[in-house]
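Reading the structure
Single-letter residue listing:
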Amino acid sequence: MDLWTKRTAGIIARVALLLSCSYGTTGEEVCDSGLVSNLPPSSFRSSSQLSSSHAPGFAKLNKREGAGGWSPLVSDRYQWLEVDLGERTKITAVATQGRYGSSDWLTSYLLMFSDTGHNWKQYRQEDSIGSFPGNSNADSVVQNKLQQPAFARFLRLIPLDWNPNGRIGLRLETYGCPYTSEVVSFDGGSSGLAFRLSPVPRKTSREVVSLKFKALRNSGTLLQAEGRDGLSLSLELERGKLFLLLRRGGTSSSESRRLASLGSLLDDQHWHHVVLEQKNAHLNLTVDKHTEKGCCACVLVGLDYCFGNVTFSCAEPVSVAVTFTGPQSFLQLPGATASSSGGVSLGFQFRTWNKAGLLLTFDLPQQGGVVWLYLSEARLRLQIHKGGSALNDGQWHSVDVTSRRSRLMISVDKEEGGVAHANPPFPVTAGGQLFFGGCPAEYHSQDCENPFDVFQGCMRLLAVDNQLVDLITVQQRLLGNYSQLQIDMCGIIDRCSPSRCEHGGRCSQSWTVFHCNCSDSGYSGATCHSAVYEQSCEAYKHNGNTSGHFYIDVDGSGPIKPQLVYCNMTEENTWMVMQHNNTELTRLRPSAGVKQHSVHFQYSAQEEQLSAAISQSEHCEQELSYHCRKSRLLNTLEGSPFSWWLGGPGSGRIQTYWGGAHPGSQQCSCGLQGDCVDQQHYCNCDADRMEWTEDSGLLTHKESLPVRSLVLGDIQRPGSEAAYRVGPLRCHGDKNFWNAAFFDKETSYLHFPTFHGELSADISFLFKTTASSGVFLENLGIKDFIRIELSSSTQVLFSFDVGNGPLEVLVESNDPLNDNRWHRVRAERNVKEASLRLDDLPVATQEAPTDGHFHLQLNSQLFIGGTASRQKGFRGCIRSLQLNGVTLDLEERAKITPGVQPGCPGHCSSYGSLCQNQGRCVERTNSFHCDCSLSAYTGVFCQTEVSVSFKPGSSVSYTFKEPYELSRNSSALPSSIYSDMTLRGENVSLSFRTNQSPALLLYVSSYYREHLALLINKNGEEDARLIVLPFFNPLHDKQFLDVLGSCHSFCSLWINFSLHYKIDQNAREDFNLTSDGEFNAVKSLVLGRVHESDDFDPDLARLASLGFAGCLSVVQFNTISPLKAALLHPDTSPVVINGPLVQSNCGSAGSANPYVEENTHHLSDQSGSVGSGQPLVNAIRTDSAFIGGVIAVAIFVIVTALAITARFLYRRKETYRNQEAKEVKQEDSQDFSFNNQADSQNISTENPKEFFI
């Protein structure tokens, strides 16, 4: 608690005893007496009456005098019935009845209250609902209790709807009790009341200051209490809003700190109730029904004296306002009388929320023109046809327009505003009529034109020729004309006070609606209610993201703000990493006079974020290590420890165990395992040796995490040295994300306590099913309900009723939803709209009525997977069910519920597509795993390329196992003996980048001295050619062909070499090469330089000796990935590495798929996009700018044997080797001769090209 907060303890107490002066009935006393039945007829007034027997004095409940009630002359919405209760009264309920023996009754109405009979204020239920339900016949009585009592002398009832087969007819009664209070009036100058500090302040845990006020101005000081040390507490009204300020010094210009602010439009000349309540260190400010919480401490006193112009009565000035409610509203008044100056003088005040609208228009009869005074972009503009700023702030603004001869002047807010002058070349005089706010619909364009928006707001103090217009006379149709106006009241509503925008969303409004700006809040929706970000790294992973920094919102739509964390998805578990301010190894040395060294760790996440993240994770850990040299750590089991740490919630609790040990053990990891350097101690450092040693381990007890502080004690002795490290907090697993239940019957369900989402509610979950329909969720009330269901195999329906009839929101999918795959549903209801989202389909919405929704009032249990009637139940799985950010524990409830099973297996059907590049999806109880053993890629989704930078002398040789009982005459052995070594189909793929040509990319040999080579040949100066040399036998070609020729039935398999390549951005090209032979008994695969080349022909031998300089990536030969084996499993794989070999990210960002650039979206494209749900910094990415060009080549070799194609390839190879083989036709041969530049210095200097094969 800071100094200012502590010193307010002696301030509030000085005023509380005195200001709690309003009295009358208390909340516990009965206040339901009839107030109307004994009133005289003179207490009743009305807009009109059908006849004397229909007079308003007959409008008493259950009375039959006269015509049995009140009926106006005309049944429309301009009629009203007014009751004068004689004194200010507490009103708690209103009852209505139709006119006796007739077809006349009301079906809905509005209630207005006033203390003066003017300046009426509409009563609203639940802040937004203004109308009350009426009757359905003439005899029954309908009573409506007021949620909050009204305090007024006058009541006015305005009919909205009535029996369509009758007319307006009414009898009524109001219920309540007398209400009196002492009042004091201030003149707004130097008047005031002073209070003296009580000599003995009361020491109570709760203090209350209560008062009611009515303001004629929008600014002023209501209360100020002075304290010690120059501090004062003041309650001030500023622009119609109430502020509680703590000041240093007694003047308004003193330094101040805002403790709370609340309310809006409090200068409406109506009473407002203020309660300032202090309980211990908590402070609540309540204005009318709304409360803002703060922190303070408080006390109080009695009346001492008054000064200035103070009266103990409350003057009630009459100020008649008029409200322009809609597009048809206007007020027509007679124009100004002719004056000697030939000018015009007009004035009025207005207030509005709209930025635009017509305020006043009149014609210029002498010039045949027209004048418009209007708002545009919240600025006042005057336009003549042949200014003030931010005037839509809801405050009253005065406007004066005067014209004298050829000089026109318009002023706004008098001396506080601005003045504009104009000098038109003709005198400006008002015509016969003035139109305020708009134009009559029936008028012709020449009488009243309005090219602007209509005005919606309030006006008062209208003056023409410096004479105030009597608006009551206008209301009585004795002066001017009007339409759709509310006269004698200002119906402005501040829809942003209190703000319905959640999570810091910024509220703005017009006359009819409010809007929430959710930018930079981390939330979305009409009221900024729904979280933009996922709740865990686990959720991001299952959206297909890879490692990176992400915003995590641990409680969804709850109050905890999003936090930025690092998600490490490179391991089997998905880790959420939360950093603090010092994760490095920090060294300590003795310092003079310092006996202990303490350090406090500040985390990037806030306290509530840390606690929630730890709670919802399955496992958390934090490294704690101590490196020591003659510096003891915990000493003995019985003794007091030299060092300790604080961990857990808040500032943490003292912990005396070290990393790797159990809580409370006062041991280190070696003490638990029994392998400390000194068996007499339980920590290595406690041996107190001169050699460096350490005690390190992981803290895994979640209740003790995170580490908050570290205190190291044995560092002051000569020769003592130490170093410590506290790693980042790491957590994995999301208990909420995988919390699931399986419903195997339509009659099975889970039940939970009633769902409370009165004005704002969101529901989200995942489901999978094979059924075509079923109810996911249902909660009922007396009339209200809320339900989400699968209404058909392609439709999800969100329906509810909040007292104004059922409302439905439907989303339809083009694909069936009963495909036994996970689908996500998100439903939200707030005061602006109801919305439903299914997977990534467009959101469906239903707007709320202009006055907003009623409260959702539910009272039954919440049913999940079924209904209270046990009909239309859901069969399938529901997972990760959250209501307003709170996860329901389906699994725990399912364990004790028949017909429902905890958990739900089978995730590969939904998430298996995330496994890329031949990765195989493996099921787990919760989640899934991508098995990359058959892929040349690695990573959580088999998406990370394994790339190596080769030097000319580098090589990787992968040796296949030797053939079984290899005979000297290997050609005579049947190939079936070496079936595991005989390739009837090859799949070869790799990516490379090089500027070397010629170059050997890949070489495969067999025990039969057959070869498969992939090389680049420089052909001339312009282009590099990619050449595939199929297998051949350089020493026994004839015998080999003869053997194949004599084995037609056994060797009748096809070998198909399909070559696809793409160079840079050129179009893909395809080639097909076929052979009729088998590649028998594969011996080895070599990448880079081939060291054993005795059997090579001279050209190939020279090329093999050059090696390869460049990048090779994702090399795969059938199921063998030699680079992956060499880099990740060198000790367990049959690989031999020669020369320098450096793992690199030199590989392409694309996969071996030649179409990867066309259909792959890289998450790094979204880097830095706040609110997108994508990583801000993608930790596993390749930089495409690093690569000069992309050459994609794909080779797929399927081995089968046919004699004809083998002979074809053999002859083509013979042509390549010695330019012979005359028996082969010229069109069947192709020149594959090398560019015979074997010198390693003769390497092309072209830009590196990248290939996919």
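Summary of the structure given here. (Residues numbered from 1 in each chain as written. Predicted model: local features only at pLDDT ≥ 70, side-chain atom pairs only at ≥ 80, totals over all residues. Heavy atoms only, no water.)

Points about the overall build of the chain
When you go through the chain residue by residue, the secondary structure sums to 13 helices and 84 strands. The buried share of the chain, taken over its 1253 residues, is 53%. Approximately 55,800 Å² of the chain is accessible, and the part contributed by carbon and sulfur atoms is 48%. (Helix = DSSP H or I, 4+ residues; strand = E, 2+ residues; numbered from the N terminus. Buried < 20%, exposed > 50% of the residue type's maximum accessible area, 1.4 Å probe, protein only. Areas by Shrake-Rupley, 256 points an atom, 1.4 Å probe, with all protein chains shown as cover.)

Details of the environment of Asn137
Within the secondary structure, Asn137 sits in the loop between β7 (132-133) and β8 (142-162). What makes Asn137 partly exposed here is its relative accessible area of 31%. Between the C-alpha atom of Asn137 and that of Tyr100, which follows or precedes it by 37 residues, the distance is 9.7 Å. With residues near it in sequence (within four places) discarded, Asn137 still touches Gly98 and Trp105. For Asn137, the side chain forms a polar contact with the main-chain nitrogen of Asp139, separated by 3.0 Å. (Contact = heavy atoms within 4.5 Å. Polar contact = N/O pair within 3.5 Å; in protein donor to acceptor, adjacent residues only side chain to side chain.)

Quick look at a nonpolar patch on the surface
Residues Leu50, Leu73 and Val74 make up a contiguous nonpolar surface patch of about 240 Å² in total accessible area. Tracing the backbone through its elements, the reader meets Leu50 in the loop between β3 (44-46) and β4 (81-97). Of the residues examined, Leu50 reaches a relative accessible area of 32% and is grouped as partly exposed. (Patch = residues over 30% accessible without salt bridge, like charges linked within 9 Å, V, L, I, M, F, W, Y side chains within 5 Å. Salt bridge = Lys/Arg side-chain N within 4 Å of Asp/Glu carboxyl O.)

Here's the deal with the state of the cysteines
Counting across every chain of the model gives 15 disulfides. Covalent S-S linkage joins Cys439 and Cys448, the inter-sulfur distance amounting to 1.9 Å. Because the torsion about its S-S bond is -70°, the bridge between Cys439 and Cys448 counts as left-handed. Side by side, Cys439 and Cys448 carry an identical accessibility label, which is buried. (Disulfide = S-S within 2.5 Å.)

A closer look at the pairing of strand β58 (residues 795-801)
Summarising burial for β58: seven of the seven residues are buried, a large majority. Residue alternation in β58 divides its side chains into two sets, Gln795, Leu797, Ser799 and Asp801 and Val796, Phe798 and Phe800, and both sets are buried. For strand β57 (residues 785-792) and β58, the ladder comprises seven bridges, and the chain directions are antiparallel. Across the sheet, Glu789 pairs through a bridge with Leu797, a residue of β58. Joining the antiparallel neighbours β57 and β58 is a turn of two residues. Pairing of β58 with strand β59 (residues 806-812), which is carried by seven bridges, proceeds in the antiparallel orientation. (Pairing = 2+ DSSP bridges.)

Considerations on the nonpolar core
Judged by nonpolar contacts, the single largest core of 66 residues is most densely connected at Tyr626, Trp658, Leu710 and Leu729. Ranked by size, the runner-up nonpolar core spans 39 residues in total, among them Val809, Val825, Ile864 and Phe874. (Core = buried A, V, L, I, M, F, W, Y, C linked by side-chain atoms within 4.5 Å.)

A few points about the sheet that holds strand β15 (residues 231-238)
Pairing in this open sheet of four strands is antiparallel, and the strands run β14-β15-β16-β17 from one edge to the other. The sheet is open, and its two borders are formed by β14 (220-226) and β17 (255-262), each paired with just one other strand. For this sheet, the mean inter-axis angle between neighbouring strands, taken without regard to orientation, is 20°. Of the strand pairs in this sheet, strand β16 (residues 241-248) and β17 are connected by seven bridges, and their pairing is antiparallel. Bridged to Arg247 within β17 is Ser256. (Axes fitted to C-alpha atoms, helices over the stretch in contact; angles between N-to-C directions.)

Examining the packing of aromatic side chains
For any pair of aromatic rings, geometry is given as the distance between the ring centres together with the angle between the planes. Applying the stated rule across the entire model yields 29 aromatic pairs. Ring centres of Tyr374 and Phe452 lie 3.9 Å apart, and the angle between their planes is 15°; on these two criteria the pair is classed as stacked. For Tyr374, a relative accessible area of 11% puts it in the buried group. These aromatic residues form a ring-pair network of at least three members: Phe324, Phe348, Phe350, Phe436 and Phe455. Directly above the aromatic system of Phe151 lies the positively charged group of Lys212, at a separation of 3.8 Å from the ring centroid. Seen from the ring of Trp396, Arg460 lies directly overhead, with NZ or CZ sitting 4.0 Å from the centre. (Phe/Tyr/Trp six-rings, centres within 6.5 Å; stacked < 30°, edge-to-face > 60°. Lys NZ or Arg CZ within 6 Å of the ring centre and 35° of its normal.)

Details of the environment of Ile493
By the secondary structure assignment, Ile493 is in the loop between β36 (485-487) and β37 (506-509). A sequence separation of 19 residues divides Ile493 from Thr512, and the C-alpha atoms of the two residues are 8.7 Å apart. Setting aside its immediate chain neighbours within four residues, Ile493 contacts Arg124, Leu265, Trp353 and Gln509.

Focus on the side chain of Ser234
Along the chain, Ser234 turns up in strand β15. You can call Ser234 buried: its relative accessible area is 0%. Within the structure, Ser234 has its side chain in polar contact with the side chain of Glu236 (distance 3.0 Å). When near neighbours in sequence (up to four residues on either side) are disregarded, Ser234 contacts Leu223, Gln224, Phe243, Leu244, Leu245 and Arg247.

Observations concerning unusual backbone geometry
Of the consecutive residues Ser497 and Pro498, the connecting peptide bond is found in the cis state with omega at -5°. When you line up the elements, Pro498 lands in the loop between β36 and β37. Each neighbour pair has its own omega, and for Leu705 with Pro706 the value is 0°, a cis peptide bond. Note on placement: Pro706 falls in the loop between β49 (693-699) and β50 (707-712).

Describing the side chain of Gln882
Tracing the backbone through its elements, the reader meets Gln882 in strand β64 (residues 876-883). According to the relative accessible area criterion, Gln882 is buried, its value standing at 6%. Once residues within four sequence positions are removed from consideration, Gln882 is found in contact with Gln535, Asn736, Asp762, Ile763, Ser764 and Thr887.

Let's talk about the sheet that holds β50
Taken in spatial order, the four strands make up an open sheet running β45-β50-β47-β48, and their pairing is antiparallel. Each edge of the open sheet is held by one strand with a lone partner, namely β45 (597-600) and β48 (653-655). Pairs of neighbouring strands in the sheet enclose a mean axial angle of 20°, with direction left out of account. Relative to β50, strand β47 (residues 644-647) runs antiparallel, the two being bridged by four bridges. Within β50, the position partnered with Gly647 by the bridge is Val707.

Some thoughts on the pattern of salt bridges
A full pass over the atoms with the stated rule returns 24 salt bridges. Its salt-bridge partner being Asp714, residue Arg717 comes within 2.9 Å of it at the nearest N-O pair. The class for Arg717 is buried, based on a relative accessible area of 18%. Close ionic contact of Arg875 with Glu746 constitutes a salt bridge, the shortest N to O distance being 4.0 Å. Of this pair, Arg875 sits in the loop between β63 (862-864) and β64 while Glu746 sits in the loop between β53 (740-743) and β54 (750-752), and the two are 129 residues apart along the sequence. Salt bridges sharing partners connect three or more residues here, namely Arg632, Asp688, Asp714 and Arg717.

With respect to helix α10 (residues 1098-1106)
Among the residues of α10, those classed as buried are Leu1100, Ala1101, Leu1103, Ala1104 and Leu1106. Downstream of α10 by one or two residues, Gly1107 has phi in the positive range, about 80°.

A short note on the environment of Pro1134
When you line up the elements, Pro1134 lands in the loop between α11 (1122-1128) and β81 (1135-1138). According to the relative accessible area criterion, Pro1134 is partly exposed, its value standing at 38%. Through-space distance from the C-alpha of Pro1134 to that of Ser1084 is 9.8 Å; in sequence the pair is 50 residues apart. Sequence-distant contacts of Pro1134, that is, excluding residues within four places in its chain, are made with Ser957, Tyr958 and Thr959.

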